[in-house]
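Structural description and commentary
Chain by chain, the residues:
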Amino acid sequence: MLIKLPKASDSKESDVTPESFYLSRRALLGSSLGGLAVGALAPWANADEAARYADVEPGKAPQWFAEKLPQTQWQAVTVQGEAITPFKDATHYNNFYEFGTGKGDPAQNAGGMKTEPWSVVVDGEVSKPGRYALEDFMKPYQLEERIYRLRCVEAWSMVIPWIGFPLSVLLKQVEPTSKAKFIRFETLQDPKVMPGQRSGFALIDWPYVEGLRLDEAMNPLAILAVGMYGRELPNQNGAPLRLVVPWKYGFKSVKSIVRISLVEDQPKTTWQGIAADEYGFYANVNPEVDHPRWTQARERRLPSGLFSPNIRETRMFNGYEDEVASLYSGLDLRKNY
Ligand SMILES: Nc1nc2c(c(=O)[nH]1)N[C@H]1C(S)=C(S)[C@@H](COP(=O)(O)O)O[C@H]1N2
Ligand SMILES: [Mo]
């Protein structure tokens, strides 16, 4: 199923500048995918690219993922003329407070989180609630690659090739009742493996919770991701299942999900609990509404250094205005930040 998206995010394969490419790496590392033949290689994955984009570390994909990957629809959505962030940056500059507050902490500490077996609960206002082993949960879904901008509220950004499926497909399947108005997500809570949950970091009331309005969740850009860079998600990026909503600040894209609930009332989210005047429920990327302590008009695109800070103008809805602006017609985006 190819989702038809208008101009801004619809593009030709040649529009993506694959700075640090990964697909061809899969050709070299077929064995890392459980010895299965890797099909559906993009036509531009030639030997030159294989040499240039060799920075993706292979992972240990669970069987269900290795079996699904060859049927993935590659580049179902891309960005135009912007380089994909190198794998190393996307996996070593993270926010995942369960594993510490430093950008390098998740890469260092998340290895101990066991993602197999994993179960997901779907409950609340749905006709078909359930508790699923992840491999069963994933059975109905066809994987797609979505290359999206990720804009953190801290004014840095990346371009990440996710692998996942539209949240709307899950929603249609579980059949929200007429009372369901919002969707609420919960991250794993396990102080044994998550040092951030046992340290005195009492600012956060665990587990990490995020939510969307139901119509936002139904937007074709909202996905649940299980992979990135042609492989499964690394733990520090929210394995084995995370949300990705590219038009919102990164903190909405909750990681390592164990529970998905359809609810009547707007969920109380983690960042609202920390500082409601700084982090709102909507959290739409908006260059015209500054954070109380810094401007949101610009962002540092990673990789970014002292001598090449790589500053860009931040775009309304992170560049996805054509696709999502209609969700907010009549809503005061200054009040509903
Ligand atoms: N459970 C959980 N999810 C989370 C976070 C977190 O601390 N805990 N951080 C959020 C923030 S602030 C950002 S910017 C993104 C970062 O995703 P990435 O590390 O995969 O780039 O994850 C979001 N999801
Ligand atoms: Mo963030």
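Note that this is a predicted model, so its numbers are computed, not measured.

Description of the sheet that holds strand 7 (residues 209-213)
Here five strands make up an open sheet; going across it, the order is 3-2-11-6-7 and the pairing mixed. On the outer flanks of this sheet lie strand 3 (130-133) and strand 7, each paired with one strand and no other. Looking at each pair of strands side by side, their axes are set apart by 15° on average, direction ignored. Of the strand pairs in this sheet, strand 2 (residues 119-124) and strand 3 are connected by four bridges, and their pairing is antiparallel. Paired with S119 across the bridge in strand 3 is A133. Lying over the sheet, helix 7 (residues 167-174) contacts strand 2, strand 6 (182-187), strand 7 and strand 11 (257-263), oriented at roughly 110° with respect to strand 6.

Considering the UniProt feature "binding site: Mo-molybdopterin" (unreviewed entry) in the protein
Feature annotation in UniProt assigns "binding site: Mo-molybdopterin" (unreviewed entry) to the following positions: N94, Y97, E98, C152, T187, N237, R242, S253, V254 and K255. Its relative accessible area of 1% is what places T187 among the buried residues. In this structure T187 touches F96, E98, M194, P207, Y208, V254, K255, S256, I257 and V258, once residues within four positions along its chain are discounted. Along the chain, S253 falls in the loop between strand 10 (242-244) and strand 11.

Focus on the pairing of strand 6
In terms of burial, strand 6 is largely enclosed, as five of its six residues are buried. Inspection of the sheet shows strand 6 paired to strand 7 by five bridges, in the antiparallel sense. Note that in strand 7 the partner of R184 across the bridge is G211. Summarising the sheet, strand 6 and strand 11 pair through six bridges and their orientation is antiparallel. Residue pairing across strands places I183 opposite L262, the latter belonging to strand 11.

The rules we used
- Residues numbered from 1 in each chain as written.
- Chains lettered and ligands numbered in written order.
- Predicted model: local features only at pLDDT ≥ 70, side-chain atom pairs only at ≥ 80, totals over all residues.
- Heavy atoms only, no water.
- Pairing = 2+ DSSP bridges.
- Helix = DSSP H or I, 4+ residues; strand = E, 2+ residues; numbered from the N terminus.
- Axes fitted to C-alpha atoms, helices over the stretch in contact; angles between N-to-C directions.
- Contact = heavy atoms within 4.5 Å.
- UniProt positions renumbered as here; feature names shortened; annotations may be inferred.
- Buried < 20%, exposed > 50% of the residue type's maximum accessible area, 1.4 Å probe, protein only.

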